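Residue-level structural notes
Residue strings, one per chain:
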Amino acid sequence: MTVLFGTLGWRPQSLLPSIRSSENLERVVFYHSDHAKSREARAKVMEFCRSLGVAANAVEVGDAFDLLHVAGQIRADVRKERAASSDLRFNIAGGTRLMSSAALLVCILEGIPATYVHDETYQEIPLPLLRISYGTGLTAKQRDVLSFLVRNRDKDFTETALAKALGVHKATMNHHVRELEAKGAVARLSDPTDARRLIVKPAPGMELLVG
Amino acid sequence: MGFDERHVLPSLRLLPYDRLVLVAGRETVRSAGFRRLRALEPALRTVRVDPFDLMGSMESIRETIRSAAKDGSVRISASGGTKILTNAAILAAFQEGVEAWYCDPDPVRLPVLQGVVLDAVFSPAERGIARALHGPITHDRLVSGVASQGFARRTVLGALQSLVGKGLVEIGRDGGSVWVRPSSRFALFRDPLRQVPKKG
């Protein structure tokens, strides 16, 4: 069964083509803002889903200005549906810029087929995304190191301390940290209290990659 | 990239750069805001796109990234222009593996893995299958055809399953035979898939 996710703005037409074209559609989950016109569009989408006998969940995204926060919220919903073995699709055409970009970010990171709907023709346009998690760009060991750093973002780790915490040789840790640094996933920063020490910190937003 | 003074100017102040390339639609290039920016940055390079064409904008931005990357590192600010242009810039950044920021108004760095490009996720055997796949073909014929290019049969079978997992190929039974078909998404990846990897 398919669960269709979508972002909705003021025009229900941006989401309806995907509802029509989804095979074995079990449920529609869509995000919209608290603007009155967006709520009107929500009512129309709900009515359309009812007419098709398809369940629909509307999620109102309030005053949201933090892209990564909204993306984290959408990702949690997506993962919940995926855990239930549903086939997922995402229509990112509607909604605010932030909502649509957050949805696109989730699709890229989680490998969800995403579509856009043309503003005038309402034709669905598939986006070039693979059904693979973007995190596969990291090796398993790199992922372990990055996950540990993200979980302990508020603490300071040197390479040696990191090696000890994860039970690997410090030369091995140096290799992983260098690889992660080359990918922009971590940065080595001078310790403000001791300039001889370098602290390894995850780059901002890496929670979405390995969280 | 894109142009909206409320979004672009803060990112110019917050993200250091040596050269500035602006991707924008025709109306933006005619705007007063653009003229003000041009006065500040005489060496500004402009790439014109249709800001309502997501795929076209994405391809233009990818080209621009590749061209700019020859002269140094590339950083994208994806928060200006239309919503479509923003999404095109985000997609392009992930596909080309370049640092990307979203400034609305505070800068947020997107979790792009630098240097991890789209083409890197395809193995040589997957590319071999893509070159041999032009429409529906029987499983046996495809596997033996690709194996004759120098791949072990087991490698080809693994690559085929990998392409199924990526959503690019479909396998089904029809008339007593197992058939392999390119999926509707296959066309989106045809070019990078069919490229022969460079040696050395």
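Conventions and cut-offs
Residues numbered from 1 in each chain as written. Chains lettered and ligands numbered in written order. Predicted model: local features only at pLDDT ≥ 70, side-chain atom pairs only at ≥ 80, totals over all residues. Helix = DSSP H or I, 4+ residues; strand = E, 2+ residues; numbered from the N terminus. Contact = placed C-beta atoms within 7 Å. Nonpolar A, V, L, I, M, F, W, Y, C, P; charged D, E, K, R; others polar. Pairing = 2+ DSSP bridges. Axes fitted to C-alpha atoms, helices over the stretch in contact; angles between N-to-C directions. Domains from an automatic or database assignment. Buried ≥ 20, exposed ≤ 12 C-beta atoms within 10 Å, placed from the backbone. Expected span 1.5 Å × (residues − 1). Arc of directions from axis to C-beta. Core = buried A, V, L, I, M, F, W, Y, C linked by C-beta atoms within 7 Å.

1. Observations regarding the overall build of chain A
Within chain A, the secondary structure is distributed over eight helices and eight strands. The principal-axis extents of the C-alpha atoms in chain A amount to approximately 65 × 30 × 30 Å. Residue pairs at least 24 apart in sequence account for 62% of intrachain contacts in chain A once pairs closer than 6 positions are excluded.

2. Thoughts on the interface of chain B and chain A
Counting residues at the interface gives 29 residues for chain B, matched by 34 residues for chain A. Counting residues per element, the ones that place at least two in the side of chain B that touches chain A are α4 (54-69), α5 (83-96), β4 (99-103) and β5 (107-109) of chain B. Per element, the largest residue contribution to the side of chain B that touches chain A is six residues, and it comes from α5(B). Of the residues belonging to the side of chain B that touches chain A, the class tally is 16 nonpolar, seven polar and six charged.

3. Section: the sheet that holds strand β3 (residues 75-77) of chain B
Consider a sheet: its strands pair through backbone hydrogen bonds, and that pairing is either parallel or antiparallel. Residues and elements named next belong to chain B. In spatial order, the strands read β3-β4-β5; together these three strands make up an open sheet with mixed pairing. A strand with exactly one partner marks an edge of an open sheet, and here the two such strands are β3 and β5. The average undirected angle you get between the axes of adjacent strands in this sheet is 25°.

4. Brief notes about the domain arrangement of chain A
It is common to report an interface's size as the accessible area lost on association of the parts. Residue and element names in this part refer to chain A. Here the domain parsing of chain A yields domain 1 (2-132) and domain 2 (135-210). Using C-alpha coordinates to define each centre, domain 1 is positioned 34 Å away from domain 2. Between domain 1 and domain 2, the contact holds seven residues from the first and four residues from the second. Elements with a minimum of two residues in the side of domain 1 that touches domain 2: α3 (67-83) and α4 (97-110). Among the elements that make up the side of domain 1 that touches domain 2, the one with the highest residue count is α3 (four residues).

5. Here we look at the environment of B:Leu15
All names here are of chain B. Secondary-structure assignment places leucine 15 in the loop between α1 (5-14) and β1 (21-24). A tally of 15 C-beta atoms within 10 Å means that leucine 15 is categorised as partly exposed. Residues leucine 15 and isoleucine 76, spaced 61 residues apart in sequence, show a C-alpha to C-alpha distance of 9.3 Å. Those residues in contact with leucine 15 that lie beyond four places of it in its chain are Arg75, Ser77, Trp101 and Pro107.

6. What about α4(B)?
Given a rise of 1.5 Å per residue, 16 residues ought to cover 22 Å, and the 22 Å separating the end C-alpha atoms of α4(B) matches this to within 8%. B:Leu54, B:Ser57, B:Met58, B:Ile61, B:Arg62, B:Thr64 and B:Ile65 are the residues of α4(B) that are buried. The arc that holds every buried residue of α4(B), seen down its axis, measures 165°, which confines them to one face. Lining the buried residues of α4(B) we find β5 (114-117) and β6 (124-126) of chain A together with β1, β2 (45-48) and α5 of chain B.

7. So, unusual backbone geometry
Residues and elements named next belong to chain A. Positive phi outside glycine occurs at asparagine 24, with the angle close to 50°. Overall, asparagine 24 belongs to the exposed group, with 8 C-beta atoms counted inside 10 Å. With a phi close to 60°, tyrosine 122 is a non-glycine residue in the positive phi region. When you line up the elements, tyrosine 122 lands in the loop between β5 and β6.

8. Some thoughts on the nonpolar core
Nonpolar side chains in soluble globular proteins tend to be buried together. If you look at the biggest cluster of nonpolar residues, it comprises 88 residues, and the most contacted ones within it are A:Ala102, A:Leu105, A:Cys107, B:Ile90 and B:Ala93. Ranked by the residues each element gives to this core, the list is headed by α4(A), at ten residues. Core analysis: the next-biggest nonpolar cluster, separate from the first, contains 17 residues, B:Ile129, B:Leu133, B:Val143 and B:Ala159 among them.

9. Quick look at helix α2 (residues 36-52) of chain A
Residues and elements named next belong to chain A. With 17 residues, α2 should reach 24 Å at 1.5 Å per residue; the first-to-last C-alpha distance of 25 Å fits that figure. Of the residues making up α2, those classed as buried are Ser38, Ala41, Arg42, Val45 and Cys49. The arc that holds every buried residue of α2, seen down its axis, measures 105°, which confines them to one face. What points out from α2, more than 90 degrees from its buried face, is the exposed set Ala36, Lys37, Ala43, Glu47, Arg50 and Ser51. Buried-residue contacts for α2 involve β1 (2-8), α1 (16-21), β2 (25-32) and β3 (55-60). Backbone geometry just downstream of α2 places glycine 53 in the positive-phi region, at approximately 75°.

10. Here's the deal with the sheet that holds strand β4 (residues 87-91) of chain A
Residues and elements named next belong to chain A. One open sheet holds the six strands; their spatial order is β3-β2-β1-β4-β5-β6, and the pairing between them is mixed. Either end of the sheet is taken by a strand with one partner, and the two such strands are β3 and β6. Strand-to-strand twist of the sheet, defined as the mean angle between neighbouring strand axes without regard to direction, takes the value 25°. As defined by bridge partners, β2 adjoins β3 across six bridges and the pair is classed as parallel. Of the residues in β3, the one forming a bridge with valine 29 is asparagine 57.

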